[in-house]
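Notes for the structure review
One letter stands for each residue in the lines below.
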Amino acid sequence: MKRVGIEVSAAIAEAAKLARVEVISAYPITPQTHIVERLAELVADGELEAVYMNVESEHSALSACVGAAAAGARTFTSTSAQGLELMHEILFIASSLRLPIVMVLVNRALSAPLSIWCDHSDVMAARDCGWIMLFCENGQEAVDSVIMAYRIAEDRRVLLPVMVNIDGFTLSHVIEPVEFPEQELVDSFLPPYNPLFTLNPERPVTMGAYGMPEIYTEAKYAQEMAIKGSKAVVKEVMEEFGRVFGRRYNIIETYNLDGAESAFFALGTINENIKTAIDALREKGKNIGLISLRLFRPFPSEELIEILKNLKRLMVIERAMPQGAENTPLFNEISSLAFHNRLEIQLENYIAGLGGRDVDPQEFITIATNPFQKDGKMNYKVIGVRG
Amino acid sequence: MAKPMESYRWYELNVGCVIDEPGNSIVYKTGDWRIMRPQTDYSKCTKCGLCWLFCPDNAMKPNEQGFFAPDLDYCKGCGICAQECKFEAIQMVEDRK
Ligand code: SF4
Ligand code: SF4
């Protein structure tokens, strides 16, 4: 395996190449641009044998992926924020038709006000579209996750689209050391896509037919069973990836959690700052840990319960602002988990890092060392808001 | 899908609800939401075939005498045939099941 310094976006394009994608359909949007630019280059230079479709919008980008995947191709797309919103309608179609499309979502705040910077309002607005969702904290994880994503998506027990989330700029635009696996090894791990059904005139099938009230509930139930069941496959694939490539991944990642009484709970690159805060807190004798999810959908409830059982306090850090909701998306999952399993844990909800706002480790030290205070009538506290 | 929709269980559905059996729509009688049905007065009918041509459900069919009558398994009672008949040979009447 060669270890190179590379911009994470370019590394993701290389990962798509290693996965031997056959159709790429994407529309450039900041901060996703470098991924698709690099892929266009790879295709134009003949380094990657794939069809690169230039489309006029994200709605078309994902629609083209749906068509190509239905025809049996391994497809890739990538977007950010408003682009994901423009794809929204098709997100459901891709998952309901059970097409194993892989998308890298470069997380970015939603307009308005127009922001190109990172937060998770885009993915959280699409969290219930039936896609498997992975989160990454660094470039190596992003590369490995793209390769794993195809293996998961195309597994006959799964057949669902996978979204690989990486934070805009803080991850997409940084240069990091990345180890690229050998092509032969990737080929052995990821065999060519062997679809169950394809659009093929030799053997005609209908996809996306009308579902009368008599059948719609059953169709949705079957889909729900598929995504719930995919968790076992995700674990299996991560384990096998570890065996083949030597880098081990878990659906839940923890840091300094052994014997900890309290923990942070967050997604994405913000975890790096939380870890710095944890190291500082540890020096002061405070035993505090971090829980982060690599797998967000399906939500790893059973595994989380086992972890939360041993904790007294959980500080949920959300990078999205719910509008008019009882709580933030991540917190809602955790609190319903705690409620239904009668966990005796104090849950606290913080919103931080909206629209690219820096949250330095000191903020997390302050959060961890002070009692939780709500923001007025809201159940959460917004970190750093000037009031 | 070769059996009535309401007899399917969730685990019997194809992945993605793909229909892998072409032409199976024949087993689905789509005429059951009809409340009106066309009735042809054969003394006025010229056998011109406009009703057959315009029926969006391909439900109008010629009989042995060359007159046109709706196949009630598929006729949805939309009334287009009655509208298009230039000889006012078709009346829409209440459909009593
Ligand atoms: S009523 Fe409509 S569906 Fe029925 S035969 Fe006439 S045109 Fe066709
Ligand atoms: S359109 Fe009227 S006249 Fe012509 S075939 Fe039909 S019923 Fe007869």
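First things first, this report covers the structure right here in the doc. (Residues numbered from 1 in each chain as written. Chains lettered and ligands numbered in written order. Predicted model: local features only at pLDDT ≥ 70, side-chain atom pairs only at ≥ 80, totals over all residues. Heavy atoms only, no water.)

Description of the sheet that holds strand 2 (residues 23–26) of chain A
Residue and element names in this part refer to chain A. The condition is simple: Being paired, for any two strands, means DSSP has found at least two bridges between them. Only DSSP runs of H or I reaching four residues or more are called helices, and only runs of E reaching two or more are called strands; each is numbered from the N terminus. What counts as an axis is a line fitted to C-alpha atoms, over the stretch in contact for a helix, and the angles between N-to-C directions run from 0 to 180 degrees.
Spatially, 3-2-4-5-7-6-12 is the arrangement adopted by the 7 strands of the open sheet, whose pairing is mixed. Only two strands of the sheet have a single partner each, and these edge strands are strand 3 (51–54) and strand 12 (295–297). Within the sheet, the average angular offset between the axes of one strand and its neighbour, ignoring direction, is 20°. Bridging between strand 5 (residues 102–107) and strand 7 (residues 162–167) involves 6 bridges; their strand directions are parallel. Paired with Met103 across the strands is Met163, a residue of strand 7.

Some points on the nonpolar core
All names here are of chain A. Worth spelling out the cut-off: By convention a nonpolar core is built from buried Ala, Val, Leu, Ile, Met, Phe, Trp, Tyr and Cys residues, the set being connected through side-chain atoms within 4.5 Å. The buried label applies to any residue whose accessible area, calculated with a 1.4 Å probe on protein chains only, is under 20% of its type's maximum; exposed applies above 50%, and partly exposed to all values in between.
Ranked by size, the top nonpolar core spans 115 residues in total, and within it Leu39, Phe76, Leu91, Ile166, Ile291 and Leu314 carry the most contacts. Considering every element that reaches this core, the biggest residue donor is helix 6 (residues 139–154), with 9 residues. Counting residues in hydrophobic clusters, the runner-up holds 19 residues, among them Ala266, Ala277, Tyr350 and Ala352.

Considerations on the site of ligand 1
Filter applied, for reference: For each residue, the test is whether any non-hydrogen atom lies within 4 Å of the molecule or strand; if one does, the residue is near. Gly is put with the polar residues, along with every residue not named as nonpolar or charged; the nonpolar set is Ala, Val, Leu, Ile, Met, Phe, Trp, Tyr, Cys and Pro, and the charged set is Asp, Glu, Lys and Arg.
Taken together, 13 residues surround ligand 1, and among them B:Cys55, B:Cys75, B:Cys78, B:Gly79 and B:Cys81 come closest. Among the residues making up the shell around ligand 1, the classes are represented as 10 nonpolar, 2 polar and 1 charged.

Considering the environment of B:Tyr74
Residue and element names in this part refer to chain B. For clarity, the threshold we go by: Residues are treated as being in contact if the distance between any of their heavy atoms lies within 4.5 Å.
Tracing the backbone shows Tyr74 in the loop between strand 3 (68–70) and helix 2 (80–84). Using a relative accessible area of 17% as the deciding quantity, one classes Tyr74 as buried. For the pair formed by Tyr74 and Trp10, sequence separation is 64 residues and the distance between their alpha carbons is 27 Å. Other than its neighbours up to four places away in sequence, Tyr74 contacts Ile26, Tyr28, Lys29, Thr30, Gly31, Asp57 and Ala59.

Topic: the packing of helix 1 (residues 8–18) of chain A against helix 2 (residues 33–44) of chain A
Residue and element names in this part refer to chain A. Applicable threshold: Any angle from 65 to 115 degrees is called roughly perpendicular, while one under 35 is roughly parallel, one over 145 is roughly antiparallel, and all others are oblique. The handedness criterion is simple: a crossing whose near helix is rotated anticlockwise from the far helix by less than a right angle is left-handed, and one whose near helix is rotated clockwise is right-handed.
Where helix 1 contacts helix 2, the axes come no closer than 8 Å and their chain directions differ by 45°. As far as their axial angle goes, helix 2 and helix 1 are oblique. In this structure, the crossing between helix 1 and helix 2 has a hand that is right-handed. Residues Ser9, Ala10, Ile12, Ala13, Glu14, Ala16 and Lys17 of helix 1 form the contact with helix 2, whose participating residues are His34, Ile35, Arg38, Leu39 and Leu42.

Remarks on the side chain of A:Gln32
All names here are of chain A. Basically, it comes down to this: Polar contact is the term for a pair of N or O atoms within 3.5 Å; when the atoms are in protein, one must be able to donate a hydrogen and the other to accept it, and sequence-neighboring residues count only if both atoms are side-chain atoms.
By the secondary structure assignment, Gln32 is in the loop between strand 2 and helix 2. On the accessibility criterion, Gln32 (0% relative accessible area) is buried. Looking at Gln32, its side chain comes within polar contact range of the main-chain oxygen of Tyr27, at 3.1 Å. Other than its neighbours up to four places away in sequence, Gln32 contacts Ala26, Tyr27, Ser78, Thr79, Ser80 and Val106.

Some remarks on the interface of chain A and chain B
Operational definition: Once two parts are joined, some of their accessible surface, as seen by a 1.4 Å probe, is lost; buried area is that loss totalled over both. Salt-bridge detection follows one rule: a side-chain nitrogen of Lys or Arg within 4 Å of a carboxyl oxygen of Asp or Glu.
On the chain B side, the residues contacting the 20 residues of chain A number 14 residues. When chain A packs against chain B, close to 1,500 Å² is buried across both sides, 77% of that on carbon and sulfur atoms. Counting the contacts that link chain A with chain B gives 0 salt bridges. Connecting chain A to chain B are 1 residue pair in polar contact (both at pLDDT 80 or more). A per-element tally of the side of chain A that touches chain B places helix 8 (residues 213–245) of chain A first, with 7 residues. Classifying every residue of the side of chain A that touches chain B by side-chain character gives 14 nonpolar, 2 polar and 4 charged.

Describing unusual backbone geometry
All names here are of chain A. With an omega of -5°, the peptide bond running from Thr30 to Pro31 counts as cis. Position of Pro31 among the secondary structure elements: in the loop between strand 2 and helix 2. Cis rather than trans, the peptide bond between Ser111 and Ala112 has omega equal to -10°. On the secondary structure map, Ala112 appears in the loop between strand 5 and helix 5 (121–125). The phi dihedral of Asn256 is positive, around 55°, even though this residue is not glycine. The topology assignment puts Asn256 in the loop between strand 9 (252–255) and strand 10 (262–266).

Here we look at the side chain of A:Thr269
If you trace the backbone, A:Thr269 turns up in the loop between strand 10 and helix 9 (270–283). In contact with A:Thr269, other than residues within four places in its own chain, are A:Cys136, A:Glu137, A:Asp167, A:Thr170, A:Leu171 and A:Arg319.

Quick word on the packing of aromatic side chains
All names here are of chain A. The condition is simple: Any two rings among Phe, Tyr and Trp, with Trp reduced to its six-membered ring, count as a pair given centres within 6.5 Å; such a pair is stacked if its planes are under 30 degrees apart, edge-to-face if over 60, and tilted if neither. Consider the ring centre and the ring normal. A charge sits over the ring if Lys NZ or Arg CZ is within 6 Å of that centre and within 35 degrees of that normal.
Scanning all chains against the criterion turns up 12 aromatic pairs over all chains. Pairing Phe241 with Tyr249 gives two aromatic rings, centres 5.9 Å apart and planes at 55°, and the pair type is tilted. For Tyr249, a relative accessible area of 8% puts it in the buried group. Taken together, the ring pairs in this structure connect Phe189, Phe241, Phe245 and Tyr249 into an aromatic cluster. The ring of Phe189 is capped by Arg151, whose NZ or CZ atom sits 4.8 Å from the centre of that ring. Above the ring of Phe296, the side-chain terminus of Arg297 is found at 4.6 Å from the ring centroid.

A short note on the sheet that holds strand 15 (residues 381–382) of chain A
Residue and element names in this part refer to chain A. Judged by pairing direction, the sheet is mixed, and its 6 strands sit side by side in the order 9-11-10-13-14-15 without closing on themselves. Of all strands in the sheet, those with a lone pairing partner are strand 9 and strand 15, marking the two edges. By the bridge criterion, 5 bridges tie strand 10 to strand 11 (residues 288–293) in an arrangement that is parallel. Bridge pairing in strand 11 links Ala263 to Gly289. Contacts from helix 9 reach strand 9, strand 10, strand 11 and strand 13 (313–318) within the one sheet, and its direction differs from that of strand 11 by about 165°.

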